[in-house]
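As a plain string of letters, each chain reads:
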Amino acid sequence: MSETTDRILYETRYLTLIDRKGWYFVRRPNLSGVVTMIALTDGGNLIFVEQYRAPLGKNCFELPAGLAGDDPAHAGEPLEEAARRELLEETGYLAAKVKHLFDGATSPGMTDEAVSFFLCTGLTKQHAGGGVEGESIAVHEVPLQEATNWLLRRQSEGHAVAAKAFAGILFAERAATGT
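Every chain begins its residue count from 1, and numbering advances along the sequence as written. With pLDDT at 70 or above as the cut-off, local features in this predicted model cover only qualifying residues; side-chain atom pairs require 80 or more to be listed or tallied, and sums for whole chains, interfaces and linings still use all residues. Working from all heavy atoms in the structure, the side-chain values ignore hydrogens and water.

K.L.:
Which residues make up the layout of surface pockets, and what are the values?
P.N.:
Note on definitions: the grid is 1 Å and covers protein atoms alone; a cavity is a set of points where a 1.4 Å probe fits but cannot get out; a pocket is an open set with protein on both sides within 12 Å along at least five of seven lines; lining residues have an atom within 4 Å of a point. Grid points are joined across faces, edges and corners, and a volume is the space filled by probe spheres set on the points. Taken as a whole, the largest pocket holds about 1,600 Å³ of empty space. In terms of lining, the largest pocket is formed by 44 residues, of which the most central are Arg28, Val34, Arg53, Leu67 and Glu113. Looking at the lining of the largest pocket, the elements with two or more residues in it are strand E5 (45–53), strand E6 (58–62), strand E7 (65–68), helix H1 (79–91), strand E9 (114–125) and helix H3 (163–177). Here a strand is any run of E in DSSP of at least two residues, a helix any run of H or I of at least four, and the numbering for each starts at the N terminus. Looking at the lining of the largest pocket, the element that brings in the most residues is H1, giving four residues. Taken together, the residues that form the lining of the largest pocket break down as 22 nonpolar, nine polar and 13 charged. All residues other than Ala, Val, Leu, Ile, Met, Phe, Trp, Tyr, Cys, Pro, Asp, Glu, Lys and Arg, Gly among them, are scored as polar; the first ten of these are nonpolar and the last four charged.

Written as structure tokens, this is what we have:
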């Protein structure tokens, strides 16, 4: 469908609400992509982050993720570079290898946003992580074989779990077994 039929209903610095022939959705302006990192340590641990998410009103357990090109300092930043930067900012881990796995729609009924997933390996801890100013991110290292049950326990405790965390487990298992 042509974007010329789009009607902008409301626009902020971070979100644009669009009406496309009666279908309402949001778009993130001013960025070149969204990255999610499946960070797997040499010891077989998967890295998750936990942070408060205002739309949910509670903490959410997720894979490390972030935006590319959303800041003038990172304009034109390649997605692989954004994945390295965001992983380091959020978790304190520097990845020796970053491999693009796939791109997928995040919530196709509500947004045109797509996320690029990267497998990050050869990790070395550089600092505690926690994000940039204004973020309060806790880092969790979980043995890969326990990751699904660990996330389900967090959910049973009343926390939110991002669905893409489960996709990360699948791809981490595939990487660990070489399939």
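K.L.:
Before we move on, can you summarise the pattern of salt bridges with the specific residues and values?
P.N.:
Here, a salt bridge means any Lys or Arg side-chain nitrogen found within 4 Å of an Asp or Glu carboxyl oxygen. All told, the structure shown has ten salt bridges when counted by the stated rule. Note that aspartate 6 is salt-bridged to arginine 20, the shortest N-O span being 2.5 Å. Of the two residues, aspartate 6 is situated in strand E1 (residues 6–11) and arginine 20 in strand E2 (residues 16–20); the sequence distance between them amounts to 14 residues. Both residues of the pair, aspartate 6 and arginine 20, count as buried. Among the salt bridges present, the one from glutamate 89 reaches arginine 85, with a minimum N-O distance of 3.2 Å. With a gap of four residues between them, glutamate 89 and arginine 85 both fall in helix H1, about one helical turn apart. In this pair, the class of glutamate 89 matches that of arginine 85, namely buried. Salt bridges linked by common partners bring Glu77, Arg85, Glu86 and Glu89 together as one network. Under the scheme applied here, a residue whose accessible area is under 20% of the maximum for its type counts as buried, over 50% as exposed, and between as partly exposed, the area being computed with a 1.4 Å probe on protein chains only.

K.L.:
Explain the nonpolar core to me, using residue names and the numbers behind them.
P.N.:
Residues belong to a common nonpolar core when they are buried Ala, Val, Leu, Ile, Met, Phe, Trp, Tyr or Cys residues joined through side-chain atoms within 4.5 Å. Within the largest apolar cluster, 21 residues are counted, with the highest numbers of intra-cluster contacts made by Ile38, Leu46, Phe48, Leu151 and Ile169. Of all the secondary-structure elements, those providing two or more residues to this core are strand E4 (33–39), E5, E9, helix H2 (147–156) and H3. Ranked by residue count, the leading element in this core is H3, at four residues. Here, residues are in contact when the closest pair of their heavy atoms is within 4.5 Å. Residue contacts for isoleucine 38: discarding those within four places in its chain leaves Leu46, Leu63, Leu101, Phe117, Phe118, Leu119, Cys120, Gly168, Phe171 and Ala172. Formed by 14 residues, the second largest nonpolar core is a distinct cluster that contains Ala39, Ile47, Ala83 and Tyr93.

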